[in-house]
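The chain contents come next:
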Amino acid sequence: MKRCLIVVDYQNDFVTGTLGFPEAVALEDGIVQKIQAYREAGDEVMFTFDTHTQEYLLSREGRRLPVPHCIGGTEGHKLYGAVGDQVSEDDWCFIKYTFGSDALYDFLRQNKFLSIELVGVVTNICVISNAVLARTAQPETDVYVDASCCASNDPALGEKALDVMESLHIDVLNRKEKTDG
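Participant: Please explain the sheet that holds strand E5 (residues 142-151) as it appears in this structure.
Facilitator: Neighbouring strands of a sheet are bound in pairs by backbone hydrogen bonds; such pairs are parallel or else antiparallel. Ordered by their spatial adjacency, six strands build an open sheet running E3-E2-E1-E4-E5-E6, and the pairing between neighbours is parallel. Whereas interior strands pair on both sides, the edge strands pair on one side only; in this sheet they are strand E3 (92-96) and strand E6 (171-173). The mean inter-strand angle of the sheet, taken between neighbouring strand axes irrespective of direction, is 25 degrees. Judged from the five bridges that link them, strand E2 (residues 44-50) and E3 form a sheet pairing that is parallel. Opposite methionine 46, over in E3, you have tryptophan 92 as the bridge partner. Of the strands in this sheet, strand E1 (3-8), E2, E3 and strand E4 (115-121) are in contact with helix H6 (residues 102-110), which crosses E3 at around 140 degrees.

Below, the structure is given as structure tokens:
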């Protein structure tokens, strides 16, 4: 049985584009190293793609976050930098129109893994949503989130999301120790 790495939404618009932030840029090397390690071990690597249309601003999400991003077919929709160079034709790529991927959930329900690990952005939105779906799809499988390969544009919310994931029995790896004020 194989392990599975899911790279969540490491797309240009979330790294250096309309919703980009410096902490996301800093993840690139760590995510590339993880992808390479999974490949060398013969394990699965998957990618999710946040995907919107030109009518994004008319959507529920667009009314609440009025910043067009990850519009299908644009540079902002593509995977960022060296992570994008890692995609193989054998990889599963899941287009998703909201925070969590229903197609990823369905796939995980049908294909069991020894463990599932998630990395990417944004910790408190899409990473947590897909980690919960993975936990739900495979309740007896170890699910991990590597905090050193995840980031949020709101560090406080990112930390809270890691807390919530831990409470849901999702193991958070490489988490920085909390310091008091």
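Resuming the write-up.
Participant: I'm lost on the packing of aromatic side chains in this one. Help?
Facilitator: Two aromatic rings, taken as a pair, are described by how far apart their centres are and by the angle between their planes. In total, this model carries five aromatic pairs according to the counting rule given. Measuring from centroid to centroid gives 4.5 Å for tryptophan 92 and phenylalanine 107, while their planes differ by 45 degrees, and the two rings are tilted. Note that tryptophan 92 is positioned in strand E3 and phenylalanine 107 in helix H6, a separation of 15 residues in sequence. The exposure class assigned to phenylalanine 107 is buried, which follows from its relative accessible area of 12%. Grouping aromatic residues by their ring pairs yields a cluster made of Trp92, Phe94, Phe107 and Phe113. Over the ring of tyrosine 38 we find arginine 3; its NZ or CZ atom is 4.1 Å from the centre of that ring.

Participant: Sorry, what's going on with a nonpolar patch on the surface here?
Facilitator: A surface patch of nonpolar side chains, about 200 Å² in accessible area, is lined by Val132, Val164 and Leu168. In this fold, valine 132 is placed in helix H7 (residues 123-137).

Participant: Help me understand the layout of surface pockets in this model?
Facilitator: Rolled over the atoms, a probe as big as a water molecule pinpoints where empty space is left. In this model, the largest pocket occupies a volume close to 360 Å³. Lining the largest pocket are 15 residues, with Ala147, Cys150, Ala151, Glu159 and Lys176 sitting closest to its centre. Residue composition of the lining of the largest pocket, by class: six nonpolar, five polar and four charged. Among the elements that line the lining of the second largest pocket, the one with the most residues is H7, at three residues.

Participant: Could you clarify how one ought to interpret the side chain of arginine 175 in this entry?
Facilitator: Tracing the chain through its elements places arginine 175 in the segment after E6. There is a polar contact of 2.8 Å between the side chain of arginine 175 and the side chain of aspartate 163. When sequence neighbours within four positions are dropped, the list of residues in contact with arginine 175 reads Ala147, Glu159, Leu162, Asp163 and Glu166.

Participant: I'm lost on the side chain of lysine 34 in this one. Help?
Facilitator: Its place among the elements puts lysine 34 in helix H3 (residues 28-40). Beyond its immediate stretch of four places on either side in the chain, lysine 34 contacts Leu5, Glu117, Val119, Asp146 and Cys149.

Participant: Would you mind going over H3 with me for this structure?
Facilitator: Because each turn of an α-helix spans 3.6 residues, side chains separated by three or four positions end up pointing in the same direction. Helix length check: H3 (13 residues) gives 18 Å between terminal C-alpha atoms against 18 Å at 1.5 Å per residue, within 8%. The complete set of buried residues in H3 reads Glu28, Ile31, Val32, Lys34, Ile35 and Tyr38. For H3, the arc enclosing every buried residue in end-on projection is 160 degrees, short of the 170-degree limit, so these residues lie on one face. In H3, the exposed positions that point more than 90 degrees away from the buried face belong to Asp29, Gln33 and Glu40. Next to the buried residues of H3 lie E1, helix H2 (22-25), E2, helix H5 (81-85), E4 and E5. Of the residues one or two after H3, glycine 42 is the one with positive phi, at around 80 degrees.

Analysis parameters
Residues numbered from 1 in each chain as written. Predicted model: local features only at pLDDT ≥ 70, side-chain atom pairs only at ≥ 80, totals over all residues. Heavy atoms only, no water. Pairing = 2+ DSSP bridges. Helix = DSSP H or I, 4+ residues; strand = E, 2+ residues; numbered from the N terminus. Axes fitted to C-alpha atoms, helices over the stretch in contact; angles between N-to-C directions. Contact = heavy atoms within 4.5 Å. Phe/Tyr/Trp six-rings, centres within 6.5 Å; stacked < 30°, edge-to-face > 60°. Buried < 20%, exposed > 50% of the residue type's maximum accessible area, 1.4 Å probe, protein only. Lys NZ or Arg CZ within 6 Å of the ring centre and 35° of its normal. Patch = residues over 30% accessible without salt bridge, like charges linked within 9 Å, V, L, I, M, F, W, Y side chains within 5 Å. Areas by Shrake-Rupley, 256 points an atom, 1.4 Å probe, with all protein chains shown as cover. Salt bridge = Lys/Arg side-chain N within 4 Å of Asp/Glu carboxyl O. 1 Å grid on protein atoms, 1.4 Å probe; cavity = no way out; pocket = protein on both sides within 12 Å on 5 of 7 lines; lining within 4 Å. Points joined across faces, edges and corners; volume = space filled by probe spheres on them. Nonpolar A, V, L, I, M, F, W, Y, C, P; charged D, E, K, R; others polar. Polar contact = N/O pair within 3.5 Å; in protein donor to acceptor, adjacent residues only side chain to side chain. Expected span 1.5 Å × (residues − 1). Arc of directions from axis to C-beta.

Everything listed here is a matter of geometry and, on its own, says nothing about what the molecule does.
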